[in-house]
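# Coordinate analysis (summary)
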Amino acid sequence: MNQLKSREPGSATLPGTLSATLRAELIDFRRDLHMHPELGNQEFRTTAALKARLEAAGLAPKVLPAGTGLVCDIGTRDRGRPMLAIRADLDALPIPDVKTVAYRSTVANRAHACGHDVHTTTALGAGLVLAELDRQGLLPNAVRLIFQPAEEVLPGGAADAVEAGVLDGVGRIIAVHCDPRVDAGKIGLRVGPITSACDRLEITLDGPGGHTARPHLTTDLVTAAARVATDVPAVLARRVDARSGLSVTWGRIEAGHAPNVIPQHAELSGTVRCLDLPAWREAPDLVHAAVDEVATLHRAKSTVTYVRGVPPVVNDAAVTELLHDAMAARRGPHAIEDTEQSLGGEDFSWYLEHVPGAMARLGVRTPGDPRVRDLHAGDFDVDERCIEAGVELFTAAALLDAAPRP
């Protein structure tokens, strides 16, 4: 058996474990990012910090054309063989950090509440470890790091990164996403869809307006808005396969300014989520038709703005197996759990429109802690032992993927 190809649980044959010094450095790096969160397409400080550390390791990272995010190759391509790419996302969320830890965000109403600081740090750590292995002649094929901006901004920075050529020469791509339901030191895996499609929906309804004493002489726009809010999801539920999980959920409804005036204008905003790719492709036409049908029934003029977000992340079976083998080699099969498909969206899916890949759920919960610090919440935090587990996963996957195949 090739040394780098070992599939034995907890195998010690794979090089590339973290030193105590690097482990401490990565925790400090993550905390620095956590203290200085930046929103999508504004990650200039984060990009500069990554660039400086990678250059200090003798690497040559290249900043993406928009000025944030970067790409960095490690090692030498083996006779034109495609590379494995490791992707991380950089941006934070526009919410306040309500924790009391020493590394709490220093920026008002900005927080790394989705764990992108962890994703970034694990990819950086993997890059530093793989660079050292390359210097020792232990990296059989080149690996590419992709640090992508604006994951939280629909339709996601991944599409811009792909357009910039980050997948040129890449054969497969992997990533992780923090999961507060999984213990630190473990990962969750699933073949097939692991996240859902997520699009944004904006609807305006218009009518002549009038007096609330005479709704029969005008368009009762508030009632029309209420019927759109309730009936459109119901109509869609009967026009697509229930297994597709297509759902519309409203986040904002606005209409009117006075209790005795029927307004002339109403607005609804929400999201469209979908579990499978075929239904996602049909969703815009289905939503337009359902809104028009309900609005017309109530004599309201409707305008639908359907903003494409992201398709589902659909994990490739072979790449998921690679992640399984990588974690098993580092920590044994007990460190791997099955995971469910999430209704959340992730723009990692755009890479999978071009190359096969897979995303793992990275456990960030302190073992035994009954609390669940959910994603996108101001108190979100992680057990920082997850960083080492993520680095081990990425480095083992790179070595197993790069090793000669039978």
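What counts, and where the lines are drawn
- Residues numbered from 1 in each chain as written.
- Predicted model: local features only at pLDDT ≥ 70, side-chain atom pairs only at ≥ 80, totals over all residues.
- Heavy atoms only, no water.
- Pairing = 2+ DSSP bridges.
- Helix = DSSP H or I, 4+ residues; strand = E, 2+ residues; numbered from the N terminus.
- Contact = heavy atoms within 4.5 Å.
- Axes fitted to C-alpha atoms, helices over the stretch in contact; angles between N-to-C directions.
- Salt bridge = Lys/Arg side-chain N within 4 Å of Asp/Glu carboxyl O.
- Buried < 20%, exposed > 50% of the residue type's maximum accessible area, 1.4 Å probe, protein only.
- Phe/Tyr/Trp six-rings, centres within 6.5 Å; stacked < 30°, edge-to-face > 60°.
- Lys NZ or Arg CZ within 6 Å of the ring centre and 35° of its normal.

### Concerning the sheet that holds strand E3 (residues 83-89)
For sheets, the rule is that strands pair by backbone hydrogen bonds, running either parallel or antiparallel. In space, the 8 strands of this open sheet follow the order E1-E2-E4-E3-E5-E16-E6-E15, with mixed pairing throughout. Each end of this open sheet is capped by a strand with a single partner; those strands are strand E1 (62-63) and strand E15 (336-338). Where E3 and strand E4 (residues 143-148) come together, 6 bridges link them in parallel fashion. What sits directly across from arginine 87, in E4, is isoleucine 146. Across the sheet, helix H3 (residues 116-135) lies against strand E2 (70-74), E3, E4, strand E5 (170-183) and strand E16 (357-365), angled at about 145° from E3, the strand it touches most.

### Quick notes on the pattern of salt bridges
Summed over all chains, the structure comprises 30 salt bridges. Residue arginine 172 pairs with aspartate 401 through a salt bridge whose shortest N-O separation is 2.6 Å. Of the two residues, arginine 172 is situated in strand E5 and aspartate 401 in helix H9 (residues 385-402); the sequence distance between them amounts to 229 residues. Notably, a salt bridge pairs glutamate 202 with arginine 200, separated by 3.7 Å at the nearest N-O pair. With relative accessibility at 27%, the residue glutamate 202 sits in the partly exposed group.

### Description of the packing of aromatic side chains
The full count for this structure, using the stated rule, is 2 aromatic pairs. Each ring, one from tryptophan 280 and one from tryptophan 350, has its centre 6.2 Å from the other, and the planes form 65°; the classification is edge-to-face. One end of the pair, tryptophan 280, is in helix H6 (residues 277-297); the other, tryptophan 350, is in helix H8 (residues 349-352), with 70 residues separating them in the sequence. Each member of the pair, tryptophan 280 as well as tryptophan 350, carries the same accessibility label: buried. A centroid spacing of 5.9 Å and a plane angle of 50° characterise the contact between phenylalanine 348 and tyrosine 351, whose relative ring orientation is tilted. Just as phenylalanine 348 is buried, tyrosine 351 falls in that class too. Above the face of the tryptophan 280 ring, arginine 308 is positioned so that its terminal group lies 3.8 Å from the ring centre.

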